[in-house]
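A look at the structure
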Amino acid sequence: MPLREEKVVLLIADISGYTDFMLANEKSLEHSHIIIRELIETILKEVDLPLTLAKLEGDAVFLYAVKDDAFASRAADLGARLLRFFNAFANKVAELTLSSFCKCGACTNIERLKLKMVVHSGRCAFYQIANLTELSGVDVIIVHRLLKNSVGLSEYVLLTEAAQQDLQLPLRLLSKGEETYDGIGNVQTYVYSSPEKQTYVPDPSAPAPSLFLETLRCEIKREYAEVATNPTKGFHFHTGRTLAALLGYTDEMLAGIPEESISRLAGTGNPFALGALNPGETVVELGCGAGMDTLIASRMVGADGRVLSIDMTPEMLDQAREAASQLGATNIDLHLGYIENIPLPDAYADVIISNGVINLAPDKKSVFQEMHRVLKPEGRVQIGDIIVQKAVPESAKRNIDLWAG
């Protein structure tokens, strides 16, 4: 039995061009998900009474407004809110376009994504299924069918005749018409133009869009996942035993370390060249890779010590876990995560070690703040990494190939 039946206005905000956008190559597909998520989140931020979120539907947001006693006073605002959806969406598209530094098919075609809205008024039943409230009824079917229509535009607002009576839109009416669907019949429609786009002015105080950070992480993880799964492929950086020798790792250090960990070394230094770790110390490792330094540290601190290692690449963590298991090392904790947000309490570590990882973090200030927070007052840092002696040009910072090779 339904919880209740109500008179409602049903609205679907749908991203035009979604299918073509997602049907990209493998690299673009991951970036496409990031971009679409940002745009969906932008739409959701504009959802306010009288509208309520019914559900997310891939490239669309399904909303409703109950036509209760208070609806009449909010009807005018509902029309204005539709305009805010368009303006927020257009601003986000402009923001993402300006912030993108990747040349893949997804990131270079953000501006092709548009917003269309379909609005219909009618009745629907509300059902409780598990912890979800589902909307059901003929009018719910109609509003979804209307997404497949004869309007030859990528941006517009389509109202049914019933919705036309409930909403007042300060938009130009483009056409009156009808759509015909099996089992439903003819549906009278009114198609309005999308609002005129406002000039996007970036807010210098606003945080950078997560597109920059997430696409960068995506490509870095892709590169090091390849090292984890295909270590003999050959990369633009040194790897394996050859690299270990160049960085001053001694045969004594590497004795007993599984070759699977050594062969996947992709660091830039040797944190143990700054001094050995002491028995009983708690060590935090930022970016453990396949676990070579992790296992060396584990052996140095002994059974009374602890090594907690963080890496953002699952394939590398799998290798590190396998290597720790082979050696029976029980004083190691391996965590999937980002070094800009270390999952540990304050003043936890005696020592922080890292090897060739901090240079790959776009927000290095956050990394060092986290290191300071996690380190004990008398603690120390032993890092092998890359240091530049002059400012890196902005054009270089936005070149993904220089980050991930």
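Summarised in this report is the structure supplied together with it. (Residues numbered from 1 in each chain as written. Predicted model: local features only at pLDDT ≥ 70, side-chain atom pairs only at ≥ 80, totals over all residues. Heavy atoms only, no water.)

**A look at the overall build of the chain**
The helix and strand inventory of the chain stands at 14 helices and 13 strands. Relative to the 2.2 N^0.38 estimate, which gives 22 Å for 405 residues, the radius of gyration of the chain is 28 Å and therefore markedly larger than a compact globule would have. Counting only C-alpha atoms and orienting by the principal axes, one finds that the chain spans roughly 80 × 50 × 40 Å. In the chain, which comprises 405 residues, the share counted as buried stands at 50%. (Helix = DSSP H or I, 4+ residues; strand = E, 2+ residues; numbered from the N terminus. Rg over C-alpha atoms; globule rule 2.2 N^0.38 Å. Buried < 20%, exposed > 50% of the residue type's maximum accessible area, 1.4 Å probe, protein only.)

**As for the sheet that holds strand S10 (residues 306-311)**
On the basis of which strands lie adjacent, the open sheet formed by five strands has the order S11-S10-S9-S12-S13 and parallel pairing. Unpaired on one side and paired on the other, strand S11 (332-336) and strand S13 (375-384) mark the two borders of the sheet. Mean inter-strand twist for the sheet, computed between neighbouring axes without regard to direction, equals 20°. Here four bridges tie strand S9 (residues 282-286) to strand S12 (residues 349-355), and the two strands are oriented parallel to one another. Bridging from a neighbouring strand, Leu 286 pairs with Ser 354 of S12. (Pairing = 2+ DSSP bridges. Axes fitted to C-alpha atoms, helices over the stretch in contact; angles between N-to-C directions.)

**Thoughts on unusual backbone geometry**
A positive phi is found at Ala 347, a non-glycine position, where the angle reads about 50°. With respect to the helices and strands, Ala 347 occurs in the loop between S11 and S12.

**Details of helix H3 (residues 71-99)**
An ideal rise of 1.5 Å per residue puts 42 Å on 29 residues; H3 measures up with 40 Å between its terminal C-alpha atoms. Taken as a whole, H3 carries its principal kink of about 30° at Asp 77. (Expected span 1.5 Å × (residues − 1). Bend = angle between axes of the 7 residues up to and from the residue.)

**A few points about the packing of helix H6 (residues 210-229) against helix H11 (residues 314-327)**
Between H6 and H11, the shortest axis-to-axis distance is 7 Å and the interhelical angle comes to 35°. On H11, the residues touching Tyr 224, Ala 225, Val 227, Ala 228 and Thr 229 of H6 are Glu 315, Met 316 and Gln 319. Here the residues of the contact of H6 with H11 are counted per class, giving five nonpolar, two polar and one charged. (Contact = heavy atoms within 4.5 Å. Nonpolar A, V, L, I, M, F, W, Y, C, P; charged D, E, K, R; others polar.)

**What to know about the nonpolar core**
Within the largest apolar cluster, 44 residues are counted, with the highest numbers of intra-cluster contacts made by Ile 35, Leu 82, Met 117 and Val 157. Contributing elements (two or more residues each) for this core: strand S1 (4-16), helix H1 (18-22), helix H2 (26-45), strand S3 (60-66), H3, strand S4 (114-129), strand S6 (156-160) and strand S8 (185-192). Looking at which element gives the most residues to this core, the answer is H3, with ten residues. Setting aside residues no more than four positions away along its own chain, Leu 82 makes contact with Leu 11, Met 117, Val 119, Val 157, Leu 167 and Leu 169. Residues Leu 295, Val 307, Leu 317 and Ala 320 belong to the second largest nonpolar core, which totals 27 residues. (Core = buried A, V, L, I, M, F, W, Y, C linked by side-chain atoms within 4.5 Å.)

**A short note on the side chain of Lys 92**
Inspection of the secondary structure puts Lys 92 in helix H3. Owing to a relative accessible area of 15%, Lys 92 belongs among the buried residues under this scheme. Those residues within four positions of Lys 92 in sequence are excluded, and the remaining contacts are Glu 38, Leu 39 and Thr 42.

**Observations concerning a nonpolar patch on the surface**
A surface patch of nonpolar side chains, amounting to about 260 Å² of accessible area, comprises Ile 386, Val 388 and Val 392. Here Val 388 shows up in the loop between S13 and helix H13 (394-397). (Patch = residues over 30% accessible without salt bridge, like charges linked within 9 Å, V, L, I, M, F, W, Y side chains within 5 Å. Areas by Shrake-Rupley, 256 points an atom, 1.4 Å probe, with all protein chains shown as cover. Salt bridge = Lys/Arg side-chain N within 4 Å of Asp/Glu carboxyl O.)

**Overview of the pattern of salt bridges**
A side chain of one charge can pair with a side chain of the opposite charge if their charged atoms are brought near each other. Enumeration according to the criterion identifies 19 salt bridges in this entry. Salt-bridge contacts for Asp 48 lead to Arg 81; the nearest nitrogen and oxygen are separated by 3.9 Å. Of the two residues, Asp 48 sits in the loop between H2 and strand S2 (52-57) while Arg 81 sits in helix H3, which places them 33 residues apart along the sequence. What makes Asp 48 partly exposed here is its relative accessible area of 42%. Judged by relative accessible area, Arg 81 falls into the buried class, the value being 8%. The partner of Lys 233 in a salt bridge is Glu 226, with the nearest N and O atoms 3.7 Å apart. Under the relative-accessibility criterion, Glu 226 is labelled partly exposed at 25%. Taken together, the salt bridges that share partners define one network made up of Glu 38, Lys 92 and Glu 95.

**Details of the side chain of Thr 42**
Following the sequence through the fold, Thr 42 ends up in helix H2. A residue is classified by how much of its surface remains accessible, and Thr 42, at 10% relative accessible area, is buried. A distance of 2.9 Å separates the side chain of Thr 42 from the backbone oxygen of Glu 38, its partner in a polar contact. Not counting the four nearest positions on each side in its chain, Thr 42 is found in contact with Ala 88, Phe 89 and Lys 92. (Polar contact = N/O pair within 3.5 Å; in protein donor to acceptor, adjacent residues only side chain to side chain.)

**Some details on H11**
Look at H11: 20 Å from first C-alpha to last across 14 residues, which is about the 20 Å you get at 1.5 Å a residue. For H11, every residue scored as buried is listed here: Met 316, Leu 317, Ala 320, Ala 323 and Ala 324. Within H11, the buried residues cover an arc of 125° as seen down the axis, which keeps them to one side. Close packing links the buried residues of H11 with H6, helix H9 (259-262), helix H10 (292-301), S10 and S11. Positive phi appears at Gly 328, one or two residues downstream of H11, with a value of about 65°. (Arc of directions from axis to C-beta.)

**Observations concerning the pairing of strand S5 (residues 132-136)**
Bridge count for S4 against S5 is five bridges, and the pairing is antiparallel. When the bridges of S5 are listed, Phe 126 appears paired with Leu 135.

**Section: the packing of aromatic side chains**
All told, the structure shown has three aromatic pairs when counted by the stated rule. A centroid spacing of 5.4 Å and a plane angle of 5° characterise the contact between Phe 235 and Phe 237, whose relative ring orientation is stacked. Relative accessible area serves as the criterion here: at 17%, Phe 235 is assigned to the buried category. With relative accessibility at 17%, the residue Phe 237 sits in the buried group. (Phe/Tyr/Trp six-rings, centres within 6.5 Å; stacked < 30°, edge-to-face > 60°.)

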